[in-house]
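# Secondary and tertiary structure notes
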Amino acid sequence: MKFAVIYYSKTGHTREMGEEIAEGIRKQGGEVKLFSIEEPLDNEYISECGGVIFGTPVYLANTCWQMKKWFDTESASVKLAGKLGGVYSTAHFAQGGGDVALMTLIGHMLVKGMMIYSGGASLGKPYIHLGPVALDAVEGHYEDSREVFRIFGERFAAKTRELFDSKNE
């Protein structure tokens, strides 16, 4: 099964955490490609994906304007309806707006007709209700978050397979 991680990254942190998610997806046997919204996307590949995950850095306690603009203007050319969607963010501080950034992305995804993934507490620790957030200004948190991002990728891939893999029928 194919997956895409679509992100914006100013400092490289959001891309790095997208790579961690991709590693988790690959561990589950998924094929995954990462796409920066600053470069042309492979719309044909994305249309074949069962799951698409969006990543954003937090800016002014919300999704960065580049991702908002992408959803407003460029996402119309990408087939997203009916796919399972997930979200993640990178931020400086726990109270910096990571949760608001995730909810903003989720709102855009719902408008595009996507289903939203949340393992919530059903899968046990680590609890990842909306999506993972990595904090770079909290000592050790950014590096410690890598495992949570990989686990998120594994769980996301497993749920996507459960929903869309024709072998399950």
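All residue numbers refer to positions counted from 1 along the written sequence of the respective chain. Confidence filtering applies because this is a predicted model: local features only for residues at pLDDT of at least 70, side-chain atom pairs given and counted only at 80 or more, and all residues used for totals across whole chains, interfaces and linings. Each side-chain value is worked out from all heavy atoms of the structure, with water and hydrogens disregarded.

Helix and strand counts for the protein chain stand at 5 helices and 7 strands. Helix numbers and strand numbers start at the N terminus; a helix is a DSSP run of H or I with at least 4 residues, a strand a run of E with at least 2. When its helices and strands are written in sequence order, the protein chain yields β-α-β-α-β-β-α-β-α-β-β-α. With C-alpha atoms as the basis for the radius of gyration, the globule rule is written as 2.2 Å multiplied by the number of residues raised to the power 0.38. A globule of 169 residues ought to have a C-alpha radius of gyration of about 15 Å, and the protein chain, at 15 Å, matches this closely. Each residue gets one of three labels from its accessible area relative to the maximum for its type: buried under 20%, exposed over 50%, partly exposed in between, using a 1.4 Å probe on protein chains only. Among the 169 residues that make up the protein chain, the fraction classed as buried is 49%. Once local pairs closer than 6 in sequence are excluded, the contacts in the protein chain between residues at least 24 apart make up 76%. Surface accessibility in these figures is a Shrake-Rupley result with a 1.4 Å probe; residues are shielded only by whichever protein chains are displayed. For the protein chain, the computed accessible surface area is about 8,300 Å², with 51% contributed by carbon and sulfur atoms. Asp and Glu are treated as the negative residues and Lys and Arg as the positive ones, with His and the ends of the chain left uncounted. Charge positions are represented by NZ for Lys, CZ for Arg, CG for Asp and CD for Glu. The average position of the 18 basic charges and that of the 22 acidic charges among the side chains of the protein chain differ by 4 Å. The criterion used for residue contact is that any of the two residues' heavy atoms lie within 4.5 Å.

Where helix α1 (residues 13–27) contacts helix α5 (residues 141–164), the two axes come as close as 7 Å, and the packing angle between them is 45°. By the angle class used here, α1 and α5 are oblique. Judged by the sense of rotation from one axis to the other, the crossing of α1 with α5 is right-handed. Here H13, E16, M17, E20, I21, E23, G24, I25 and K27 of α1 lie close against α5, whose contacting residues are Y142, R146, F149, R150, F152, G153, E154 and A157. For this classification, the nonpolar set comprises Ala, Val, Leu, Ile, Met, Phe, Trp, Tyr, Cys and Pro, the charged set comprises Asp, Glu, Lys and Arg, and every other residue, Gly included, is treated as polar. Of the residues that constitute the contact of α1 with α5, the class distribution is 7 nonpolar, 3 polar and 7 charged. To get an axis, fit a line to the C-alpha atoms, keeping to the stretch in contact for a helix; angles then go from 0 to 180 degrees between the N-to-C directions. When describing relative orientation, an angle under 35 degrees is termed roughly parallel and one over 145 degrees roughly antiparallel, while 65 to 115 degrees is termed roughly perpendicular and anything else oblique. The hand of a helix crossing depends on one turn: near helix anticlockwise from the far one by less than a right angle means left-handed, and clockwise means right-handed.

Here we take up helix α4 (residues 98–111). In this model α4 runs 20 Å from its N-terminal to its C-terminal C-alpha over 14 residues, within 8% of the 20 Å that 1.5 Å per residue would give. Among all positions in α4, only G98, A101, L102, L105, I106, H108 and M109 are buried. What you see down the axis of α4 is that its buried residues fit within an arc of 160°, all on one side. For α4, the exposed residues set more than 90 degrees away from the buried face come down to L110 and V111. A positive phi of about 85° marks G113, the residue just after α4. Expected span, for any helix, means 1.5 Å times one less than how many residues it has. The arc in question is formed by the directions pointing from the helix axis toward the C-beta atoms.

With respect to the helices and strands, the residue C49 is situated in the loop between α2 (43–47) and β3 (51–59). Classification of C49 as buried rests on a relative accessible area of 4%. Each residue touching C49, except ones within four places of it in the same chain, is listed here: K2, F3, A4 and K83.

With that settled, the discussion passes to a nonpolar patch on the surface. Exposure above 30% relative accessible area and no salt bridge define the residues that can form patches, which grow by joining like charges within 9 Å and nonpolar side chains of Val, Leu, Ile, Met, Phe, Trp and Tyr within 5 Å. What counts as a salt bridge is simple: a side-chain nitrogen of Lys or Arg found within 4 Å of a carboxyl oxygen of Asp or Glu. There is a patch of nonpolar side chains on the surface, built from Y59, L60 and W65 and spanning about 420 Å² of accessible area. Inspection of the secondary structure puts Y59 in strand β3.

The nonpolar side chains of soluble globular proteins are, as a tendency, buried together. Judged by nonpolar contacts, the single largest core of 23 residues is most densely connected at I6, I46, V52 and F54. Put simply, the parts of the chain that give this core at least two residues each are β1 (2–7), α2, β3, α3 (65–74) and α4. Element by element, the count of residues in this core is highest for α4, at 4 residues. I46 has contacts with A4, I6, F35, L41, V52, V78, K79, L80 and K83, leaving out every residue within four places of it along the chain. Here the nonpolar core consists of buried residues drawn from Ala, Val, Leu, Ile, Met, Phe, Trp, Tyr and Cys, with membership extended through side-chain atoms lying within 4.5 Å.

The side chains of a regular strand alternate, first on one face of the sheet and then on the other. In terms of residue burial, β1 counts as a mostly covered element, since 5 of its 6 residues are buried. As defined by bridge partners, β1 adjoins strand β2 (residues 31–36) across 6 bridges and the pair is classed as parallel. The residue bridging K2 from the neighbouring strand is E31, located in β2. Handedness of the crossover joining β1 and β2 through α1: right-handed. When DSSP finds two or more bridges between a pair of strands, those strands are recorded as paired. Where β1 lies against β3, 5 bridges are found, and the strand directions are parallel. What sits directly across from I6, in β3, is F54. Seen with the strands pointing away from the viewer, any crossover whose path from the first strand over the helix to the second strand runs clockwise is right-handed.

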